[in-house]
Amino acid sequence: MSTLFPVIIDAAAPEGAGCVRLRLVARPGDDALPDFEPGAHIDVMTPAGMIRQYSLCGPADDPSAYELCVKHEADSRGGSDSLCTQARQGMELQISGPRNAFSLPPAQHYILVAGGIGITPLLSMMVRLQRNSADWQLYYYVRVPGQAPFGDMLRESPCRDRVRFSQSLKNGYPDALDRPCADTAIMLCGPDGFMNAVYAHAIAAGWRADQIHTEYFRPTEPSHVLSDRPFDVVLAQSGQTVTVPAGQSIASALLAAGVDVSLSCEQGMCGACVVPLLSGEGDHRDMVLTEEEQGSHIALCCSRSRSPSLTLDM
């Protein structure tokens, strides 16, 4: 698990329909909050005792506070429910430092596409892009635009002409995706079905896969099960060899062998457990690493091996 540290809820207020916006600050006398870049997220220990990941939606150029927007999920197992119903000004929470698996790549043009609460990581991107006088557009899909999280702020923003609201993909995909353009990055975040549809539409229109950058809020259905054959993991720094049995993750096997592993979501979504892969062929099941990165790194919480052994830089 990532190292957590205490912060104070400076403000808690409704945001749109069914969401709560939280502003977190350092406790008096504590160190300043770590800097972050647009697209970053943090772990939050919820009042229910569950750790959940939330994108930082405030300006990255002002890290004096972290801003989150928590959707009250109808099928919540207690995490979002406890934050939405119990978070109060002055309450102390435990959080991790920021991590970023959804950073802005260098590009001449940017197309931001949000589905519902997927707007959150894109907000800090908008601020950064606007500050840098970049060329960008936001397409915001939400069932009831009048009740959209941050909808009022976006409609009143000086850059509101760059923002387009829509209720559904049935009303049309972003028109900017109809014409593939070099030196353009697509930043896509939202529910799985929404993201898969937009991604498929963009690929069919002729966009390159490496132009489409995504952030998932929950894992897609795994195409494998952990009951695969066992394999060995060699730790290059110590020379230790650990056998990973069928039905157990690399991370679990290493922890059982007394090896320290950084974990957070344990679903291949956050990147906390990614380590350098020195040799062997990984069976990658995460949603963080690009195809190019998979040649040199692996996520320990969910991935396995296609070769008899893997050598890790640990």
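So, here is what we can say about the structure in this document. Bear in mind that the values here come from a model prediction, so they are computed numbers and not experimental data. (Residues numbered from 1 in each chain as written. Predicted model: local features only at pLDDT ≥ 70, side-chain atom pairs only at ≥ 80, totals over all residues. Heavy atoms only, no water.)

1. Overview of empty space enclosed by the protein
Picture a little ball the size of a water molecule; that probe, rolled over the atoms, points out where space is still empty.
Item 1. Scanning the model with the defined rule gives two cavities of 30 Å³ or more in all.
Item 2. Together, Ala-101, Thr-214, Glu-215, Tyr-216, Met-269, Met-287 and Val-288 line the largest cavity.
Item 3. When its residues are assigned to classes, the lining of the largest cavity shows five nonpolar, one polar and one charged.
Item 4. The space that makes up the second largest cavity amounts to roughly 30 Å³.
Item 5. Forming the walls of the second largest cavity are Cys-265, Gly-268, Met-269, Cys-270, Gly-271, Cys-273, Val-274, Asp-286, Val-288, Ala-299 and Cys-301.
Item 6. Residue composition of the lining of the second largest cavity, grouped by class: eight nonpolar, two polar and one charged. (1 Å grid on protein atoms, 1.4 Å probe; cavity = no way out; pocket = protein on both sides within 12 Å on 5 of 7 lines; lining within 4 Å. Points joined across faces, edges and corners; volume = space filled by probe spheres on them. Nonpolar A, V, L, I, M, F, W, Y, C, P; charged D, E, K, R; others polar.)

2. Quick look at unusual backbone geometry
Item 1. Its identity as a non-glycine residue notwithstanding, Ser-133 has a phi of 55°, on the positive side.
Item 2. Phi angles above zero are rare outside glycine, and Phe-150 is one such case at about 70°.

3. Some remarks on the sheet that holds strand 16 (residues 297-299)
Item 1. As summarised here, the arrangement of the five strands in space is 13-12-18-14-16, forming an open sheet in which the pairing is mixed. The sheet is open, and its two edges are formed by strand 13 (241-244) and strand 16, each paired on a single side. Taken pair by pair, the neighbouring strands of this sheet meet at an average axis angle of 40°, ignoring direction.
Item 2. Here strand 12 (residues 231-235) pairs with strand 13 via four bridges, running antiparallel. Bridge pairing links Asp-232 to Thr-243 in strand 13. (Pairing = 2+ DSSP bridges. Helix = DSSP H or I, 4+ residues; strand = E, 2+ residues; numbered from the N terminus. Axes fitted to C-alpha atoms, helices over the stretch in contact; angles between N-to-C directions.)

4. Section: the side chain of Asp-286
Item 1. Here Asp-286 lies in the loop between strand 15 (282-283) and strand 16.
Item 2. Within the buried set, Asp-286 has no salt-bridge partner at all; the shortest N-O distance to an opposite charge, 9.0 Å, is to Arg-285.
Item 3. A distance of 2.7 Å separates the side chain of Asp-286 from the backbone nitrogen of Leu-289, its partner in a polar contact.
Item 4. The contacts of Asp-286, once residues within four sequence positions are left out, are Gly-268, Gln-294, Ala-299, Cys-302 and Ser-303. (Buried < 20%, exposed > 50% of the residue type's maximum accessible area, 1.4 Å probe, protein only. Lys, Arg positive; Asp, Glu negative; His and termini not counted. Salt bridge = Lys/Arg side-chain N within 4 Å of Asp/Glu carboxyl O. Polar contact = N/O pair within 3.5 Å; in protein donor to acceptor, adjacent residues only side chain to side chain. Contact = heavy atoms within 4.5 Å.)

5. Side note on the nonpolar core
Item 1. Counting 27 residues, the largest nonpolar core has Leu-112, Ile-119, Leu-122, Trp-136, Leu-138, Tyr-140 and Leu-154 as its most contacted members.
Item 2. Only strand 7 (109-115), helix 2 (120-131), strand 8 (135-141) and strand 10 (184-189) provide two or more residues apiece to this core.
Item 3. A per-element tally of this core places helix 2 first, with five residues.
Item 4. Ignoring anything within four residues of it in the chain, the contact list for Leu-154 reads Ile-119, Leu-123, Met-126, Leu-138, Tyr-140, Arg-160, Val-163 and Phe-165.
Item 5. Judged by nonpolar contacts, the second largest core, of 23 residues, contains Ala-253, Leu-254, Leu-300 and Met-314. (Core = buried A, V, L, I, M, F, W, Y, C linked by side-chain atoms within 4.5 Å.)

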